[in-house]
Amino acid sequence: MEIQKPGMKVGAAAVIVLLAGAGAGFAGQPSLVIDGQTMITKAKAPAYTPKLTSVQSGWVFRSKETQALQLDDFDNPGFVFVDKGRDLFNKVEGSAGKSCASCHELKDFIGLRTRLPRVNKDGHLETMEDLVNKSRTKYMGAKPWKYSGSKMTAVTALISLQSRGMPMNVAVDGPAKPFWEKGKKLYYTRVGQLDLACANCHEDNYGKMIRADHLSQGQINGFPTYRLKNAKLNSVHARFKGCMKNVRAKPYKQGSPEFKALELYVASRGQGLSVESPSVRN
Amino acid sequence: MKRLIITAVVAVVGTGSAVAGPVAPSAVVFKEGAVEASLTGVAGDPAAGKKAFINRKQGNCLACHATSDLKDQPFHGEIGPALDGVAGRWTTAQLRGIVSNAKNTFEGTIMPAFYRDSGFHRVKKKFKGKTILTAQQVEDVVAYLKTLK
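All values reported here derive from a predicted model rather than from experimental measurement.

Turning next to the overall build of chain B. The secondary structure content of chain B amounts to five helices and zero strands. Its helices and strands taken in sequence order, chain B reads α-α-α-α-α from the N to the C terminus. When burial is assessed residue by residue, chain B has 47% of its 149 residues classed as buried.

Residue and element names in this part refer to chain A. Judged by pairing direction, the sheet is mixed, and its three strands sit side by side in the order β10-β9-β11 without closing on themselves. Since the sheet does not close on itself, it has two edges, and those belong to β10 (232-234) and β11 (279-281), each with one partner. Direction aside, neighbouring strands of the sheet carry axes that sit 40° apart on average. Across three bridges, the pairing between strand β9 (residues 225-227) and β10 is antiparallel. Looking at β10, one finds that R227 is bridged to K232.

Residue and element names in this part refer to chain B. Here helix α2 (residues 46-54) crosses helix α5 (residues 135-145) at 100°, and the two axes come no closer than 7 Å. If you check the angle between α2 and α5, you find them roughly perpendicular. Here P46, A48, G49, K50, A52 and F53 of α2 lie close against α5, whose contacting residues are D140, V141, A143, Y144 and L145. Counted by class, the contact of α2 with α5 contains eight nonpolar, one polar and two charged residues.

What follows deals with the layout of surface pockets. Residue and element names in this part refer to chain A. In this structure, the second largest pocket occupies an estimated 530 Å³ of space. Around the second largest pocket, the lining comprises 23 residues; the ones closest to its centre are H104, L131, K134, S135 and Y139. Considering each element in turn, the lining of the second largest pocket owes the most residues, eight residues, to helix α5 (residues 128-139). Of the residues contributing to the lining of the second largest pocket, the split by class is twelve nonpolar, four polar and seven charged.

The partner chain A presents 37 residues to the 43 residues of chain B that form the contact. For the chain B and chain A pair, buried surface summed over both sides reaches about 3700 Å², with 59% attributable to carbon and sulfur atoms. On the chain B side of the interface with chain A, the three residues burying the most area are E78, I79 and R122 of chain B, jointly 21% of the side's total. Connecting chain B to chain A are two salt bridges.

Looking now at helix α6 (residues 150-161) of chain A. Given 3.6 residues per helical turn, the α-helix brings residues three or four places apart onto the same face. All names here are of chain A. Spanning twelve residues, α6 covers 16 Å between terminal C-alpha atoms, matching the ideal 16 Å at 1.5 Å per step. The element α6 is extensively covered by neighbouring structure, given that ten of its twelve residues are classed as buried. Three or more residues of α6 are buried, namely M152, T153, A154, V155, T156, A157, L158, I159, S160 and L161. Next to the buried residues of α6 lie α3 (78-90), α5 and β10.

Here we come to the domain arrangement of chain A. All names here are of chain A. As assigned here, chain A comprises domain 1 (12-73 + 172-281) and domain 2 (79-161). Measuring from the centre of the C-alpha atoms in domain 1 to the corresponding centre in domain 2 gives 24 Å. Opposite the 24 residues of domain 1 that make contact, domain 2 presents 21 residues. Contact between domain 1 and domain 2 buries roughly 1800 Å² in total, counting both sides, with carbon and sulfur atoms accounting for 71%.

Residue and element names in this part refer to chain A. Per the counting criterion, the structure on display carries one cavity of 30 Å³ or more. Counted as a void, the largest cavity has a volume near 40 Å³. Considering the residues around the largest cavity, the lining is formed by R113, E129, T156, F223, P224, S235, V236 and E263. Residues that form the lining of the largest cavity fall into these classes: three nonpolar, two polar and three charged. Lining the lining of the largest cavity are residues from two domains, each supplying at least three of them: domain 1 (12-73 + 172-281) and domain 2 (79-161).

Using the criterion set out here, one finds eleven aromatic pairs over all chains in the structure. With a centroid separation of 6.1 Å and an interplanar angle of 90°, the aromatic rings of F61 of chain A and Y206 of chain A are classed as edge-to-face. Placement of F61 of chain A in the loop between β4 (54-56) and α2 (64-68) and of Y206 of chain A in the loop between α8 (198-202) and β7 (209-210) is noted, with a sequence separation of 145 residues between them. Residue classification places F61 of chain A among the buried positions, given a relative accessible area of 6%. Judged by centre distance (5.9 Å) and plane angle (85°), the ring pair of W90 of chain B and F106 of chain B falls under edge-to-face. One end of the pair, W90 of chain B, is in the loop between α3 (86-89) and α4 (92-101); the other, F106 of chain B, is in the loop between α4 and α5, with 16 residues separating them in the sequence. A relative accessible area of 5% means that W90 of chain B is categorised as buried. For F106 of chain B, a relative accessible area of 17% corresponds to the buried category. Linked through ring pairs, Y48, W180, Y187, Y188 and Y265 of chain A together constitute an aromatic cluster. Cation over ring: R136 of chain A sits above W145 of chain A, and NZ or CZ is 4.1 Å from the ring centre. Across the ring face of Y252 of chain A, the terminal group of R122 of chain B is positioned such that the distance to the ring centre comes to 3.8 Å.

Parameters and conventions
- Residues numbered from 1 in each chain as written.
- Chains lettered and ligands numbered in written order.
- Predicted model: local features only at pLDDT ≥ 70, side-chain atom pairs only at ≥ 80, totals over all residues.
- Heavy atoms only, no water.
- Helix = DSSP H or I, 4+ residues; strand = E, 2+ residues; numbered from the N terminus.
- Buried < 20%, exposed > 50% of the residue type's maximum accessible area, 1.4 Å probe, protein only.
- Pairing = 2+ DSSP bridges.
- Axes fitted to C-alpha atoms, helices over the stretch in contact; angles between N-to-C directions.
- Parallel < 35°, antiparallel > 145°, perpendicular 65-115°, else oblique.
- Contact = heavy atoms within 4.5 Å.
- Nonpolar A, V, L, I, M, F, W, Y, C, P; charged D, E, K, R; others polar.
- 1 Å grid on protein atoms, 1.4 Å probe; cavity = no way out; pocket = protein on both sides within 12 Å on 5 of 7 lines; lining within 4 Å.
- Points joined across faces, edges and corners; volume = space filled by probe spheres on them.
- Buried area = accessible area lost by both parts, 1.4 Å probe.
- Salt bridge = Lys/Arg side-chain N within 4 Å of Asp/Glu carboxyl O.
- Expected span 1.5 Å × (residues − 1).
- Domains from an automatic or database assignment.
- Phe/Tyr/Trp six-rings, centres within 6.5 Å; stacked < 30°, edge-to-face > 60°.
- Lys NZ or Arg CZ within 6 Å of the ring centre and 35° of its normal.

Shown next as structure tokens:
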């Protein structure tokens, strides 16, 4: 019996017709300029992602209307939460009688987002959430926040905002290497009843429609991101969890070594893209 | 319920085939990707197949395949080829094989196996040991595909 592999071109042409009918054109905003600052939404792909010629922010793949919400901070619904983050930053909590502001000025955090996650002196891979909770427990004598809770995402958005426009630049070599390798393995491992890996959707098929969704490269330069779908800020790990659930897989825990390693690897796939936090997505 | 009754009636009357119940996912015989024998012995129902094809919790085939026959449905994916004319490109046995486990036809494909219940990693508890479609739904979807001339 002969197995035929019909040409994909036939399918693609038919789809274009259908999409035109649905009115889903992808003529987006010309560029992402916020407050006079131009965000890098496309960059040359790093050598270790040979299947990508360029890395592209999730912003590129959103509709013109969704894109527009990010052009002006007054329109960006994420800023309501950034303001909450500011209050939390200044709020005294815990047995030491301190707030974040007792020890930090926001400008100390310029550039921090671009380098996270990173390996600390003890050889552990740290995310921004880990850094926040370390300060809370160790220096403030306060309870840690829930990994992707509303307080955590508000404060990580505020801290990430200090790096807005700066290119992602995580370390992948030296002590980071084993974590990066672990993350890479996870990225290419098929999981769940649908038997799909991150790469199946975000590397092999970005730019295409998967039912109602326009697939992006699954970049994390915009996190925490405000999603129109749930009207709140979403952490990187919450997004990973969502994608794993969609393929009917048992997600790793938020803050787990697996998700941290995956975060490092995915961050490295977006080297050179501007930090956009808080970005707006659907 | 309707399906169960029909199956029961057929079982009592007998279809002439020796199939006692649906073929277990692990017992499906693939020959160059194709599956010759019906998984249930009950002819597929194209109308039911069309529903399973559209349903996001069942086939959700539209997630990846555009299909002109379903123009009334809003969103058609573009990850796989459009399925217009698919009935002419593949035999029933080949289509049954593609829907049951497309990896036997297209090596390394992104298309999920709709009639496979093991060999996965980290399946969510709710779906452990289960197939995406039932054996009869596979037959129904194949019957629907055969209408796409």
